[in-house]
Amino acid sequence: MSDKRAEKSGMDREIRAKLNAKYSEEQERQCRQWIEAVTGETLIDQEIGMNHFNKCLKDGTVLCKLINTLNGEALVKKINTSSMAFKQMENISSFLDACKVFGLKDGDCFQTPDLYENQNMSQVTVTLYALSSVAIKKGWDGPSIGVKIASQNKREFTKEQLEEGKKVIGLQMGTNKGASQAGMNFGKTRAIVD
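Reading guide: rules and limits
- Each chain carries its own residue numbering, running from 1 in the written order of its sequence.
- A pLDDT threshold of at least 70 governs which residues receive local features in this predicted model, and a stricter bar of 80 or more applies before side-chain atom pairs are shown or counted, although totals over entire chains, interfaces and linings include all residues.
- In computing side-chain values, all of the structure's heavy atoms are included and hydrogens and water are not.
- To qualify as a helix, a DSSP run of H or I must reach at least 4 residues; to qualify as a strand, a run of E must reach at least 2; elements of each kind are numbered from the N terminus.
- Residue exposure (1.4 Å probe, protein chains only): buried if accessible area is under 20% of the type maximum, exposed if over 50%, otherwise partly exposed.
- Contacts were defined at the residue level, with two residues in contact if any of their heavy atoms lie within 4.5 Å.
- For every accessible area listed, the method is Shrake-Rupley and the probe measures 1.4 Å; residues are considered covered only by the protein chains on display.
- In summary, the pairing rule links any two rings of Phe, Tyr or Trp, Trp by its six-membered ring, whose centres are within 6.5 Å, and it sorts them by plane angle into stacked for under 30 degrees, edge-to-face for over 60 and tilted for everything else.
- To sit over a ring, a charge needs its Lys NZ or Arg CZ within 6 Å of the ring centre and within 35 degrees of the ring normal.
- Residues belong to a common nonpolar core when they are buried Ala, Val, Leu, Ile, Met, Phe, Trp, Tyr or Cys residues joined through side-chain atoms within 4.5 Å.

**Comments concerning the overall build of the protein chain**
Step number 1: Helix and strand counts for the protein chain stand at 8 helices and 0 strands.
Step number 2: In sequence order, the secondary structure elements of the protein chain are arranged as α-α-α-α-α-α-α-α.
Step number 3: Taken across its 194 residues, the protein chain has 32% of its residues classed as buried.
Step number 4: Long-range pairs, those at least 24 residues apart, make up 52% of the contacts in the protein chain between residues at least 6 apart in sequence.
Step number 5: As presented, the protein chain carries roughly 13,600 Å² of accessible surface, and 50% of it is formed by carbon and sulfur atoms.

Here it is, written out as structure tokens:
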């Protein structure tokens, strides 16, 4: 978290604790190794931990280089090397815009404060995993993390096959073959007396 922010309290503290609990150092290790393998550069802080990982990615330059390498050509044309806050946030924002152009969905992307202000580093790792998955789908054959996104598997059926399918009663629709309530008793019978 930024040094200039007040300590969270009440509900904000609980939300912060839940977000921090979602963070996985194993996923961080995998992301670190993947970033270094793809970009060919060593991250500046080699210690494991949320704050250390944030320190590596906070200026956005590594992320911009990562997306440009995965795409093959520059999606982020200008990478700012300035240490000024708004320039670093601009890098992060450019990376996120490039991710959307690359094929990531809005729900897979973190928000700029999640990284810059160290508010939700677990979402940053989710974005990196999603980026790797989309890269694999687009033909990236280098190192990767996460899962491969399924590709379309369209099936063609003949008219006869479609007609045969209409004759079958699926078990999801239910069936009453052989079913009856004969001999079923639950509890005492109800005696109605006039």
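Still more to cover.
**A word on the packing of aromatic side chains**
Step number 1: The tally for this structure, following the rule as stated, stands at 1 aromatic pair.
Step number 2: Centre to centre, the rings of Phe 95 and Phe 110 are 6.2 Å apart; their planes meet at 25 degrees, and the pair counts as stacked. Remark: Phe 110 occurs in the loop between helix H5 (85-102) and helix H6 (112-116) and Phe 95 occurs in helix H5; sequence separation between them is 15 residues.
Step number 3: Of the residues examined, Phe 110 reaches a relative accessible area of 2% and is grouped as buried.
Step number 4: Above the plane of the ring of Tyr 116 lies Lys 58, whose end atom (NZ or CZ) is 4.7 Å from the centre.
Step number 5: One Lys or Arg, Lys 138, reaches over the ring of Phe 102 and ends 4.4 Å from the middle of that ring.

**Quick look at unusual backbone geometry**
Step number 1: The phi dihedral of Asn 118 falls on the positive side, at around 55 degrees, and the residue is not glycine.
Step number 2: For Asn 118, a relative accessible area of 4% puts it in the buried group.

**Here's the deal with the nonpolar core**
Step number 1: Judged by nonpolar contacts, the single largest core of 37 residues is most densely connected at Trp 34, Ile 35, Phe 53, Leu 57, Phe 95, Leu 128 and Leu 131.
Step number 2: Discounting chain neighbours no more than four positions away, the residues touching Leu 131 are Trp 34, Leu 66, Ile 67, Leu 70, Phe 95, Cys 99, Phe 102 and Leu 104.

Function-wise, these values are silent; they only describe arrangement.
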